[in-house]
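# Close look at the chain arrangement
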Amino acid sequence: RPRVLSGIQPTAGSFHLGNYLGAVRQWVALQESHDAFYMVVDLHAITVPQDPAELRANTRLAAAQLLAAGLDPERCTLFVQSHVPEHAQLGWVMNCLTGFGEASRMTQFKDKSAKQGADRATVGLFTYPILQVADILLYQAHQVPVGEDQRQHIELTRDLAERFNGRFGETFTIPSPYILKETAKIYDLQDPAVKMSKSASTPKGLINLLDEPKATAKKVKSAVTDTDTVIRFDPENKAGVSNLLTIMSVLTDTSVADLEKSYEGKMYGALKTDLAEVMVDFVTPFRTRTQEYLDDPETLDSVLAKGAEKARAVAAETLAQTYERIGFLPAK
Ligand code: AQP
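Residues numbered from 1 in each chain as written. Predicted model: local features only at pLDDT ≥ 70, side-chain atom pairs only at ≥ 80, totals over all residues. Heavy atoms only, no water.

Identification of the protein chain as Tryptophan--tRNA ligase from Streptomyces roseicoloratus is taken from an unreviewed UniProt entry. Under Sequence similarities (unreviewed entry), UniProt gives the following word-for-word description of the protein chain: "Belongs to the class-I aminoacyl-tRNA synthetase family." The UniProt entry for the protein chain carries the following text under Subcellular location (unreviewed entry): "Cytoplasm". (UniProt positions renumbered as here; feature names shortened; annotations may be inferred.)

Okay, the overall build of the protein chain next. A tally of regular secondary structure across the protein chain gives 13 helices and 5 strands. For the protein chain, whose C-alpha radius of gyration is 21 Å, the value lies close to the compact-globule estimate of 20 Å for 332 residues. If one aligns the C-alpha atoms of the protein chain with their principal axes, the spans along those axes are about 75 × 45 × 40 Å. Here the protein chain holds 332 residues, and 49% of them are scored as buried. Here the analysis covers contacts within the protein chain between residues at least 6 apart in sequence; of these, 76% occur between residues at least 24 apart. Accessible area for the protein chain stands at about 15700 Å²; split by element, carbon and sulfur atoms hold 53% of it. (Helix = DSSP H or I, 4+ residues; strand = E, 2+ residues; numbered from the N terminus. Rg over C-alpha atoms; globule rule 2.2 N^0.38 Å. Buried < 20%, exposed > 50% of the residue type's maximum accessible area, 1.4 Å probe, protein only. Contact = heavy atoms within 4.5 Å. Areas by Shrake-Rupley, 256 points an atom, 1.4 Å probe, with all protein chains shown as cover.)

Judged by side-chain charge, E292, D295, D296 and E298 come together as a negatively charged surface patch. Within the secondary structure, D295 is located in the loop between α12 (268-294) and α13 (297-326). On the basis of relative accessibility, which here comes to 55%, the residue D295 falls in the exposed class. (Patch = residues over 30% accessible without salt bridge, like charges linked within 9 Å, V, L, I, M, F, W, Y side chains within 5 Å. Salt bridge = Lys/Arg side-chain N within 4 Å of Asp/Glu carboxyl O. Lys, Arg positive; Asp, Glu negative; His and termini not counted. Charge placed at Lys NZ, Arg CZ, Asp CG, Glu CD.)

On to the site of the ligand. In the vicinity of the ligand lie 21 residues, with D149, K195, S197, K198 and S199 positioned nearest. Within the side chain of S197, an N or O atom sits 2.6 Å from an oxygen atom of the ligand. Taking 640 Å² as the accessible area of the ligand by itself, protein coverage stands at 94%. Sort the elements by how many residues they give to the shell around the ligand and helix α1 (residues 17-30) lands first, with 4 residues. (Near = heavy atom within 4 Å. Polar contact = N/O pair within 3.5 Å; in protein donor to acceptor, adjacent residues only side chain to side chain.)

Per the UniProt entry, the sites bearing "binding site: L-tryptophan" (unreviewed entry) are D135 in this numbering. In this structure, D135 sits in helix α7 (residues 123-138). Among the residues examined, D135 registers a relative accessible area of 1% and is labelled buried. Beyond its immediate sequence surroundings of up to four residues, D135 is in contact with L5, M39, H44, Q81 and H87.

We now examine the pairing of strand β3 (residues 76-80). Among the 5 residues in β3, 5 count as buried, and that is most of the element. By the alternation rule, side chains of β3 split into C76, L78 and V80 and T77 and F79, which are all buried. Sheet topology places strand β2 (residues 35-40) next to β3; 5 bridges connect them, and they run parallel. From the neighbouring strand, A36 faces β3, where its bridge partner is C76. (Pairing = 2+ DSSP bridges.)

Within the fold, D191 resides in the loop between β5 (176-178) and α9 (213-221). The exposure class assigned to D191 is partly exposed, which follows from its relative accessible area of 36%.

On to the side chain of S242, then. Structurally, S242 can be placed in helix α10 (residues 239-252). Among the polar contacts listed, one links the side chain of S242 to the backbone nitrogen of D234, at a separation of 2.8 Å. Looking at S242, its side chain comes within polar contact range of the main-chain oxygen of K238, at 2.7 Å.

Structure follows, in structure tokens:
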């Protein structure tokens, strides 16, 4: 079975709809057909300041949400990044293979550091794409299911893998991004020109899956559309309506074309009311299931411990081979 790997940050507490539709939903599907490794990336989380108790709680919360979303520990390997020390170890090797200019071209860093102010951004934030390279290469992943915002980082991963292989001999699998066109980028409900994001969206534009379902329904109903009245999928000219159609289409497993037909002659309000109901039906059981996993931390921790053990077996082998190729003297 081909292998997939992906990760999600534990920083925000609740996952948002963009995380779910852009990434986690694909993770759930891919565990059926792939040898799947999924992790909560706490090392990435500390690229911005974290409160220790909150970080610990949010790491469990992220794992609980992944299970609630449908990950099955019998079908995939679910673990916490810091439980596998090889990530930081291979990360260093990859740092030493990356050009400073090359790292400087990562647009996410430019965006995020601009928001924080250059003086407050950490070196960790600067090098986080390189740690991500190590995350992927450690598992010899063939595909990486992510949202569009991560495409550049997968490109960097391919470049570094090829560079290492060229210099030291075939070591790493060259991974491809697995990005579904329809859900590659879910947009902010209040500003459909920008992606829905935990740090940039206003509370009204961001759908957190663990919010009160009523609040979620209200956000959907007050989503920004346009002054036209036709319900048509046209991302360039009708970004707001198109975003709502995408979300509706995926959550109800109905094609956008069929949705357009069924909303012919109807007002935006009708689409919003229906989508609000669909969202409530989706988030209500998700919240309940997440809480059930949180209420049983022993089971949750044991899932993560087993996951880490499986992950370490693979990661240790890749790291040992990498060290050997580089010329590190083996410890006797
Ligand atoms: N709006 C989105 N549409 C589609 N996919 C998205 N992802 C994030 N936002 C969208 C995907 O979710 C996965 C996990 O993301 P992360 O843990 O790296 O979180 P993030 O990228 O930090 O999430 P945000 O909200 O985008 O955070 P900020 O505001 O800090 O930039 C990834 O696969 C990501 O592509």
